[in-house]
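Survey of secondary and tertiary structure
These are the residues of each chain, in order.
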Amino acid sequence: MTSAVDEGRRAVPSILRGQKALVTGANSGIGKATAIGLGRAGADVVVNYVSGGEAAEEVVEEIKSFGVRAYAYEADVSQEDQVVAMVARMVEEFGTIDIMVANAGLQRDAAITEMSVAQWQKVLDVNLTGQFLCAREAAKEFLRRGVVPEVSRSAGKIVCMSSVHQIIPWAGHVNYASSKGGVLMMMQTLAQELAPKGIRVNAVAPGAIRTPINRSAWDTPEAEADLLRLVPYRRVGDPEDIANAVTVLASDLLDYVVGTTIYVDGGMTLFPGFATGG
Ligand code: NAD
């Protein structure tokens, strides 16, 4: 007898068969769902984490259940030497990299008058410099290897995990919103620079997704109701909503999509306050 989950797994086409993917911050939330989604679609996956090795191993086991390869790798994406070593190890282990999902991110919220340089810097280091380092190391390998037509039409894909806050200002979170605004321009600039070499760089911008990063925004009925006023589609997103977008974006189904952000936000970027006012 097969379960609904098994049926679901079988229904997912292997659109990433033979591809090698790395997902940063992949032992929690969106990164976890994305690593699992890429594995389900046929990719071999490196599960990066900075702490919480056990959770990372659980993700690895789930990915392996799809009959693909996976391993966990501890690295802080804001540290150059650790990112360089992580990608070098992947090339040793899997032969190459086809998909880099620069997902790791964090918040250190404070009003501007209370925000320390350490809070500002930490968020910029992880959310922006971390994505820069991951994109740079992946791009080097994409350029070394070039296009392998049996694997993919492109020489490689970089998916930046951004946020609706790459365009929506967010009071009390100037470090986070600035980091994501930076991700938008970094993504577009890298896309322009690397597209002639056959590399596709794009972003996915989640709205409100149910993960540990924003638990206080959805973990009581009052908080959730408040949050949903900002979401025209009136549901909080699931990590799998983001994983599905990344999976298709990284596949040849979207091979002509270059330098774009896919908003996966239940309409949060539609200025919902104007539905009844303005
Ligand atoms: P999460 O806290 O569940 O996951 C973040 C992951 O990043 C964790 O695994 C964490 O350990 C990892 N991480 C943090 N610092 C790291 C470092 N220095 N090196 C390596 N990994 C590190 O939160 P999430 O919601 O899954 O967030 C994932 C991404 O999605 C982030 O970039 C976040 O900004 C973005 N995002 C989330 C939402 C949302 O509503 N949850 C909305 C918009 C954007």
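These lines cover the structure that appears in this document, whether it is placed above or below.

1. Describing the state of the cysteines
Going through the model one piece at a time under the given rule, you end up with zero disulfides. Between C160, a cysteine without a disulfide, and C134, which holds the nearest cysteine sulfur, the sulfur-to-sulfur distance is 9.6 Å.

2. Observations concerning the site of the ligand
Taken together, 28 residues sit near the ligand, with S28, I30, N103, Y176 and T211 positioned nearest. Contact between the ligand and V77: a nitrogen atom at 3.0 Å from a main-chain N or O atom of the residue. Between an oxygen atom of the ligand and a side-chain N or O atom of N214, the distance comes to 3.0 Å. Burial of the ligand by the protein chains amounts to 92% of its free accessible area of 820 Å². With respect to the pocket detection grid, the ligand is positioned in the largest pocket. At the level of secondary structure, the elements contributing two or more residues to the shell around the ligand comprise α2 (29-40) and α6 (174-194).

3. Looking at the nonpolar core
Among the nonpolar cores identified, the biggest contains 38 residues, and M100, I158, C160 and V201 are the most heavily contacted of them. Elements represented by at least two residues in this core include exactly β3 (70-74), α4 (80-94), β4 (99-102), α5 (117-145), β5 (156-161), α6 and β6 (199-206). Setting aside residues up to four positions removed in sequence, I158 forms contacts with M100, A135, F142, L194, R200, V201 and N202. With 33 residues, the next largest nonpolar core counts A35, A41, V60 and A72 among its residues.

4. Section: the pattern of salt bridges
Counting across every chain of the model gives 14 salt bridges. The residue R235 makes a salt bridge to D241 at a minimum N-O spacing of 2.8 Å. Look at R235 and you get partly exposed, because its relative accessible area is 37%. When salt bridges with common partners are traced through the structure, they connect E80, R136, E137 and K140 into a single cluster.

Rules used throughout
- Residues numbered from 1 in each chain as written.
- Predicted model: local features only at pLDDT ≥ 70, side-chain atom pairs only at ≥ 80, totals over all residues.
- Heavy atoms only, no water.
- Disulfide = S-S within 2.5 Å.
- Near = heavy atom within 4 Å.
- Polar contact = N/O pair within 3.5 Å; in protein donor to acceptor, adjacent residues only side chain to side chain.
- Areas by Shrake-Rupley, 256 points an atom, 1.4 Å probe, with all protein chains shown as cover.
- 1 Å grid on protein atoms, 1.4 Å probe; cavity = no way out; pocket = protein on both sides within 12 Å on 5 of 7 lines; lining within 4 Å.
- Sits in = over half its atoms within 2 Å of the grid points.
- Helix = DSSP H or I, 4+ residues; strand = E, 2+ residues; numbered from the N terminus.
- Core = buried A, V, L, I, M, F, W, Y, C linked by side-chain atoms within 4.5 Å.
- Buried < 20%, exposed > 50% of the residue type's maximum accessible area, 1.4 Å probe, protein only.
- Contact = heavy atoms within 4.5 Å.
- Salt bridge = Lys/Arg side-chain N within 4 Å of Asp/Glu carboxyl O.

On their own, these measurements won't tell you what the molecule is for.
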